[in-house]
Amino acid sequence: MEIILAIITGVLYASGIYMILRRSMVKFILGIILLGNGVNLLIFTLGRITKGEPPIIDSAEKVLEGVYADPIPQALILTAIVISFGLQAFAIILVKRAYKVLKTDDLDQLNTTDEDS
Amino acid sequence: MKTKFLSNILLMLIWVFLSGEYNFNNFIFGFGLSFIILWIISGNEEKASKKYFKIVPKIISFVLFFFWELTKANIQVAFEVSTPNLNMKPGIVGLPLDAKTDLEITLLANLITLTPGTLALDVSTDRSVLYIHAMYVVDKKDFIEDIKQGFEKRLLEILR
Amino acid sequence: MLGAVLLGFLFSLFLVFAGSYFRGKLAVLSSLIPLSLFIYFLTFLPEIANGKVIYENYEWIPSFGVNLSFTLDGLALLFALMITGVGSLVFLYTSAYLKDHKYLDRFYGYLSMFMAAMLGLVLSDNIMSLFIFWELTSISSFYLIGFNNDKADSRKSALTALGITGIGGLLLLGGAVLLGDVAGTYRISEMVMMRDVITDSSHYLLILLLIFAAAFTKSAQFPFHFWLPGAMKAPTPVSTYLHSATMVKAGIYLLFRMTPILNGDDIWHTILIVVGAVTMVYSAIHIIFRTDLKGILAYSTISALGILVFLIGIGTQAALVAAAVFIVVHALYKASLFLITGIIDHETGTRDVTQLSGLRKVLLPVAIAGFIAALISGGVPPTLGFVGKDLIYEATLHFKDAAIFLTVLAILTKILLFYGGFVAGVKPFMGKLPQKFEKLHLPSPLMWMPPLIMTFAGIVFGIFPGLIETAFAKPIAMTQVIEFEEFHLKLWHGFNTVLGLSAITITIGVILYFTLKPKHNLENAIARLDVIAPKDLTLKLSEGFAEFSRLWTNFFQTGYLRHYISVIVAFLILLLGYLIFSDFSLTLDFSTLADLTIYEISILLMLLMGVLYTVFTKSRLAAVAALGVVGLSFSLLFLFYSAPDLAMTQFSVDTLTVILFVLVLYKLPKYLNFSNKWLRIKHGVLSVSFGILITLLILRVLKEPKNAEITEFYAENAYKLAHGKNVVNVILVDFRGIDTMIEISVLIVAALGVFGLLKLRLKTRDKK
Amino acid sequence: MIDILVYITSGLGALFVLLAAIGTLRMPDQYLRISVNTKAATLGVGLLLVAAALFFLETSVTTRVLAVIIFILITAPVGAHLIGRTSYFIGNKLWENSYIDDLKGKYNKTTHDLKGLDKMEKNDEEAKSKS
Amino acid sequence: MNVHDYLYYIILPILSISSLLVFIRFFKGPSIVDRVVALDLLITIGIGIIAIYSILSNKPTFLDISLVLALIAFLGTVAFAYYLEKRNKND
Amino acid sequence: MTNDIIILPLVVHLFFSILLMFFWNKVNFQKVVSIVGNALALCVAIWAFIHVYNNGTQIVESGNWSAPFGIVFVGDMLAVTLVLLTAIAGFAVSVFSTISVIKARLRFGYFSVFHFLLLGLNGAFLTGDIFNLYVWFEIIIISSFVLISIGGEKNQLEGAVKYFALNFFASMIFLTALGVLYGLVGTLNMADISLKIAEVENTTLIDISAVLFLVGFGIKSAIFPLYFWLPASYHTPPSAVSAIFAGLLTKVGVYALIRVFTLIYVGSSFLTTLLLSMAIMTIFSGGVGAIIQNNIKKVFMYFIICHIGFMIGGLALFTEVAMAGVIFYLIHDIIIKTNLFLISGLIYRIKTTTNMKKLGGLYANYPKLSLLMAIPLFSLVGIPPLSGYWPKISLILASFNAEEYWFFGALIFGSLITLIVIGKLWAEVFWKDQPKINFPKKFIYFDQLRLGQKFTFVFPVAFLTFVTLYIGFGAEHIQQLSQRIATELMNNEMYINAVLKR
Amino acid sequence: MRTIILKSASSYLLPVLLLFSVFILLRGHYLPGGGFVGGLVAAIAFVLDAFSNGLDKTKGILKFHPGFLMPVGLMVAFLSGISPMILADLPMMTGIWAENPIPVIGALGSPLFFDIGVYLVVIGSALTIIFTISESV
Ligand code: NA
Ligand code: NA
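Residues numbered from 1 in each chain as written. Chains lettered and ligands numbered in written order. Predicted model: local features only at pLDDT ≥ 70, side-chain atom pairs only at ≥ 80, totals over all residues. Heavy atoms only, no water.

Chain G is annotated in an unreviewed UniProt entry as Na+/H+ antiporter subunit B from Psychroflexus lacisalsi. Looking at chain G in UniProt, the text filed under Subcellular location (unreviewed entry) is "Cell membrane". The Sequence similarities (unreviewed entry) comment attached to chain G in UniProt states, word for word, "Belongs to the CPA3 antiporters (TC 2.A.63) subunit B family." (UniProt positions renumbered as here; feature names shortened; annotations may be inferred.)

Taking an unreviewed UniProt entry as the reference, chain B is identified by name as Na+/H+ antiporter subunit E belonging to Psychroflexus lacisalsi. Looking at the Sequence similarities (unreviewed entry) heading of the UniProt record, one finds this comment for chain B: "Belongs to the CPA3 antiporters (TC 2.A.63) subunit E family." On record in UniProt, under Subcellular location (unreviewed entry), the comment for chain B is "Cell membrane".

Below is the structure:
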């Protein structure tokens, strides 16, 4: 199943980047969300997959024993998810504001700051 | 005041159920927590003091009635979905309402929606009519009458 | 000596803060500074003449080996006296020349800074501090040349000079560092002892080239000479100071200093002789075509510098002595001529030599100075110029391989210099005085005394060459030449070849002066050749470079976000692809697929389809809804693979994002299909390749064993030490609590940002 | 005994879910789809949850299951109502075989007000119910 | 066949297939309303899957996740409805 | 508390950002608080610096979990030096902000976000954990997003969108690298990674993760070909913000590269070659870009890029001499680049423009101010003995010793371009007469400010200029420090032993 | 949206959801959940209320701007982080634990307060974001 996860991760990266490369700001946002998901899945997959054994100590036990999923990638992804959420929320609003001020949804129109001024 | 107290107790119980630990400390904790939450939302005050103890039997019978309707009509839909032909006579029907308060209307609408074949679409702004989408509107009058006599009447008995 | 160097800097610092009090009559007092320094250095004369060398050392930055080490030997003293001596006169001259100038204080500030830097340069015994002063001369000369900064020409010339001397300076830095590295010391006096190590080093050639580059740019050698005529835009005192005695001589000084360290190989001689010869002849010829007095002087200066390089290239004791003497000669007559030109310019308002004549009638002392200066320049006895010229011929005649050829070149140059000196120093005063100049009267003695003093000095030294011999020539020869031979400077050598050559030079020079008149059409004629002159070539080169820069920058700086990202992606693909395919032998292990259950498959399928749908749908809202599907699938996937916390969080966050999106979408326009098909294909290829590489990478990494030390620690201690059973949560709030603290700060800042973005509206009033 | 209950409830639950899925695919217009979904899925998922409660037979699980069920019972119809009315509001057409449309022309598109039944209709209704 | 196998080999596949069927509706649309409804139903089915999965993995605590799911799915529907009504145009 | 000295800067900034949020609307109060906060942070940073200088590398184990199990803060000489520089730049910019940033922006949490940004920078320098570094990076970028976009004017938003996109992308690459690295070694503590990575047999995988880090950090630190977004965005926000971006944001990328490539990925020839070629191209491309610009902010922008190349190249040479040069340059660059943007803000306040074609006559009208500005400009050029000069000695020496003549050429090229362009800038802005342009009426010009306000404008510039002068004339101290840091970096077992208490 | 059905449903959902959010928060140390998800659930409850009753009413319920919760929450987290430094001369973020565990929550210690801080911050920032957007729509 790691193969499938690896492929899906690849698909997420590819689609994320593809969408980021579009000119529409909305697609751009969709792209960063997809890419963010891809990265999370990559970390998750590379942390090795364990089915059905969450890293939670049984109420009767004191240590986590036997087979269990690695909690570290999970914690990392959790942090990354929250951070991405903040960034995405900001990006969405940025795009909205940019659209309002610049009157365009087209990222290609945002090229005046490269010009000489 | 009384309502608040009751809500408080209710929330406390929900808390205890949720957490699944039945001891004194947890009750106290739940009570305190509920108190805080009620305090926070106390901006939305409503004057609804109700008789809480007499309606229990009625509620039980209503619940049974509801589940019966639910099952019955689910089978109907199941039949409709799983047979090759579509034999429906759908339509949107305006149902004049006797229910007046928000709670009454909402409960009625939800119950109607939950039972198969019908879907409460909207309430008119003046709250006089509930528009219902139904799968089988053989006769509009009968349809309205069914609901008014069934759900609405039983519901209002409990709530009033 | 440190004090001597610092004095100039301190004075210029003083002028920055109190300069406004120092204009007007007080200005003349500033010449006390160079004067007192001149006297200070004179006091060393006896010791130096006795062959003594004085060292001083102050620790500055020992970590770099950069210290303020000073040395005073014959060479240094020669330059120090020249700098301060000519400096004193220039300071005096300036006080009258720029009397009412608004920024006279600034001018003195730059000038004294420049003087200090120059002094530091010639006194440094540490090549790094030499470099430091070298750069300071570049900078202060930048300010001096651009002093008339409201004129575009001045600014341009200053920039050109800065650019050319700047690159030289940087190469000198390279050379100095390398030299220091090879020699194991930055002390020049110690490097002399490491001569063999240096000349045998594999970096020798590189060092040589770097040092040469520095010297040639500073001393205006072909083809870097063109900044010098441009630098004539500066006020006359600047031209005088920079081009007669100081800045341009810095390169000569450097070559002189490096002679005992680097002249170990033919390459040293060859390059110097060739470059010096080309420069002296090339610019001497140019003199004929100039009508601007300053232009004539500029080219004759370049030519003189060429002679010096040429002499140092010859490198024999005779040549070095000749060079040393010629340095003095040149300083004296060139400074005088510049000052005279300044007076003429100042009084008549023109420097066009075709317009000027008969000025002796109104400016007699100046005319005397000019005449003597022309004599010195032309090497006419009994001036020091004659001594210098003879020494030069002596040196070329005894150069082993190409004595005749070199001598011919030297003679040619000297003839033309003779001509130039007379055109500049004599011609304006001869002939009829035009009517418009009749009302001129002699300016303040502060202006005409300095050239007169210098020219008289030229005669005095010519009659008593022993002064120069004992003071400079011998000490210099002793330190700069490996095998010192006794010699004597004389005005009269008797009848010999050299005297004959001298006679020829003067004769042809005189003939030239009377037959060849400076004409504008000549100047215009040569202007046509400018297209192939180094100046124009460099100009074109720099324009071409600017054009190239524009192309290069615009090629990358397209302004298109997607372009920037696709470059990065392509770069990554290149690197990752190279690494992955150069090493990997990927064997896929499909056995794990057997574990796959129907619910996993359906979830993964749904995830996959959701993603693809998001990408390919034409409806924005559908895309957003599809993101919801992706979020759900993710959530379930995490649940199946033992990450319930992730499942909850991922799903709530995804939904919240969707909600935000939905709320905002309605203000945004519909999807437009902006990009064309080819672009889509291009981006498709890019992104798919990247995706494939990521997949391969994951599969490869998964084959490696994983170290679980940390994980096991958490599993063991989450409850025992951290009192929690949900290990993920324990990590978040305890083991790695800092992460979480910052993570929530991120959320806060994002919220602040959203709030600000939406609520803050700048009114025009606010924009101030 | 408990196992059998689990078999039955989960089986029925899955069945209803499946029916809802098929219904979603087959039904000809949005309103019918919403209608089918809401109940079949609610019932189906409710049963699945009950199966879980039965399996574990712990108070905390049961209360949790109850909480989820109640929550779904509250939210599912409200959601259906919202999306159904939106669907009508934005002008999604009824299935061509539909029989009657009392809502037609009742929405004010700018103020989002919804009118009650017209006088005519009302009288009509009342007359009918009285007879 | 024990409970485990029953749930594993019969119930979960049925639920999975159901979700795929719903996804087809999602895919087909045609209206955005259909997609929103389909998404909502998918999540509801997800709740069912979680319920069964919690039995299979013997982790009743997973049921809490289903509550979160239900809660948020509802919010999603509300948001879409809100948006569609405001925008007043079919996308 | 004495054990925790090195993290006090973090505590101070976090505390002040919270405090400032409580006083949301009280702008004048916020100004005072922020200056006090930054002054305090400066004191604390100096304290930490001295403490580490005297006692060697300090470790703080957050949560009392020893490395590699918890997040460890490592105050080695490099980290505390950068913390100190951050504090210096932060202090200057906060003073400058009080007068140069308009009230409307201040009313929307400017200072709070500013402290978050400084918090992030300090955290990034101090952390010993690679994932924690990611988190610090994120607080940095989100704060910078907010600072770059707040006010939302047209080109600001354009800049912000690009800035966001690229930084987000960089973060994703960083995370990818992290994932790969974790998958290989199962640990996040950098010292621990350094040890465990030696056990990984497949060096290609290590190279891959290194490349990912290189690109992730490279985007932030603006290396060729990853920097193209930077000139389009850094100059768009108010000068105070640009200043902190210019001085510190790219440098934190450089810092990360230095850390990662001295501690974790040591000695791969592939990486060295790659890094060096990128550095050369960066110098070239940045220099070439600077030539053609007319806006002084943009000129400085390209210099940021150009000079990043110096540092990256030095890192690639990977000798102790080169590293000392890199560190010296880093110290110089942080102060100087911050100051340059403050100066451009000052010029804007005087003339309402930063376009060279429209500027002129500054020297005639503001001679003392001009001379003040000249010092940083010439320090940038590296006119000896000002600060930019000294590190070049080490870099040039190192390039000769490594026989990397291309890099030597690039150094000369970069320095020459800097010299020429600054000369041109001086000629245009300071020397040339003021061209006739329409000066807007509704603008509070520098001349119209009260004396105290003028002082507030000039003080930060003067303060940073003073620091620059110290770096130049006190080069002995800086060089000793740089050499010490270089030694610590080149012998990474010192770091590892301190962290893992071996 | 003008629909009394949603309106009245949400007025009952709000307290329940808030309760649920606290539940999720407190049990996080033992079972899936925690401050972040808890905070999100609470935020969602308010958002739901805002959708159905209008933003102003929801703000009325809260009595203060949700943004205020951000510094408060962060301050709580911050204090729980540095209290070991100040109180016990231990490194930052060291857990300080009460002797005996209490019901539901389990062991009582500074990490719990930290999580509460997270909870508040999440509510504050999520609500700030969503409310701001809703207002500007
Ligand atoms: Na129904
Ligand atoms: Na029904």
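And the narrative resumes.
A.B. asks: Describe a positive patch on the surface, listing the residues and the values that go with them.
C.D. replies: A contiguous patch of positive charge, built from A:Lys100, A:Lys103, C:Lys667, C:Arg761 and E:Lys86, is present on the exposed surface. Looking at the secondary structure, you find C:Arg761 in the segment after α32 (737–759). Taking the relative accessible area as the measure of exposure, C:Arg761 reaches 35% and is therefore partly exposed. (Patch = residues over 30% accessible without salt bridge, like charges linked within 9 Å, V, L, I, M, F, W, Y side chains within 5 Å. Areas by Shrake-Rupley, 256 points an atom, 1.4 Å probe, with all protein chains shown as cover. Salt bridge = Lys/Arg side-chain N within 4 Å of Asp/Glu carboxyl O. Lys, Arg positive; Asp, Glu negative; His and termini not counted. Charge placed at Lys NZ, Arg CZ, Asp CG, Glu CD. Helix = DSSP H or I, 4+ residues; strand = E, 2+ residues; numbered from the N terminus. Buried < 20%, exposed > 50% of the residue type's maximum accessible area, 1.4 Å probe, protein only.)

A.B. asks: Break down the UniProt feature "transmembrane region" (unreviewed entry) in chain G for me, with residues and values.
C.D. replies: All names here are of chain G. Here, UniProt's "transmembrane region" (unreviewed entry) annotation points to residues 12–30, 36–55, 67–88 and 108–133. The span residues 36–55 is 95% helical and 0% strand by assignment, and the distance between its end C-alpha atoms comes to 23 Å. In this annotation, residues 108–133 is assigned 92% helix and 0% strand; the end-to-end C-alpha distance for the span is 38 Å.

A.B. asks: Describe the packing of helix α4 (residues 102–114) of chain B against helix α1 (residues 4–27) of chain G, listing the residues and the values that go with them.
C.D. replies: Where α4(B) contacts α1(G), the axes come no closer than 9 Å and their chain directions differ by 100°. Viewed along their axes, α4(B) and α1(G) adopt a mutual orientation that is roughly perpendicular. For the pair α4(B) and α1(G), the contacting residues are B:Asp102, B:Leu103, B:Ile105, B:Thr106, B:Ala109 and B:Asn110 in the first and G:Ile4, G:Ile5, G:Ser8, G:Ala9 and G:Tyr12 in the second. In terms of residue class, the contact of α4(B) with α1(G) is built from 7 nonpolar, 3 polar and 1 charged. (Axes fitted to C-alpha atoms, helices over the stretch in contact; angles between N-to-C directions. Parallel < 35°, antiparallel > 145°, perpendicular 65-115°, else oblique. Contact = heavy atoms within 4.5 Å. Nonpolar A, V, L, I, M, F, W, Y, C, P; charged D, E, K, R; others polar.)

A.B. asks: Requested: an account of the interface of chain C and chain F, with residues and values cited.
C.D. replies: Accessible area lost upon the coming together of the parts is a frequently used measure of interface size. In this assembly, 105 residues from chain C lie in contact with 128 residues from chain F. Together, the buried faces of chain C and chain F total about 10000 Å²; carbon and sulfur atoms form 76% of this surface. Taken together, the links from chain C to chain F amount to 2 salt bridges. Taken together, the links from chain C to chain F amount to 13 residue pairs in polar contact (both at pLDDT 80 or more). No other element matches α32(C), which puts 16 residues into the side of chain C that touches chain F. Of the residues belonging to the side of chain C that touches chain F, the class tally is 70 nonpolar, 16 polar and 19 charged. (Buried area = accessible area lost by both parts, 1.4 Å probe. Polar contact = N/O pair within 3.5 Å; in protein donor to acceptor, adjacent residues only side chain to side chain.)

A.B. asks: So what's going on with helix α11 (residues 239–263) of chain F? Which residues, and what values?
C.D. replies: Residues and elements named next belong to chain F. Between its terminal C-alpha atoms α11 stretches 35 Å, which fits the 36 Å expected from 25 residues at 1.5 Å a residue. Where α11 bends most, the angle comes to about 35°, and this point is Phe245. With 25 of 25 residues buried, α11 lies mostly within the body of the structure. (Expected span 1.5 Å × (residues − 1). Bend = angle between axes of the 7 residues up to and from the residue.)

A.B. asks: Talk me through the confidence of the model for chain B; I want residue IDs and the actual numbers.
C.D. replies: The predicted model of chain B averages 76 in pLDDT, with 84% of residues at 70 or higher. Predicted confidence for residues 46–53 of chain B stays below pLDDT 50, and this span has 7 contacts to residues more than four positions away or in other chains. (pLDDT = per-residue confidence, 0-100.)

A.B. asks: Could you give an account of a nonpolar patch on the surface, with specific residues and numbers?
C.D. replies: Where nonpolar side chains cluster on the molecular surface, the patch consists of C:Leu6, C:Leu10, C:Leu13, C:Val16 and C:Phe17 and spans about 480 Å² of accessible area. On the basis of relative accessibility, which here comes to 60%, the residue C:Phe17 falls in the exposed class.

A.B. asks: I'd love a proper account of the packing of helix α4 (residues 74–97) of chain C against helix α20 (residues 445–463) of chain C, names of residues and values included.
C.D. replies: Residue and element names in this part refer to chain C. The geometry of α4 relative to α20 is characterised by a closest axis approach of 7 Å and an angle of 155° between their N-to-C directions. Judged on the interaxial angle alone, α20 and α4 are roughly antiparallel. Taken as a pair, α4 and α20 cross one another with a handedness that is left-handed. Where α4 abuts α20, its residues Val86, Leu89, Leu92, Tyr93, Ser95, Ala96 and Tyr97 lie against Leu446, Met447, Pro450, Ile453 and Met454. Considered class by class, the residues forming the contact of α4 with α20 number 11 nonpolar, 1 polar and no charged. (Left-handed = near helix turned anticlockwise from the far one by under 90°.)

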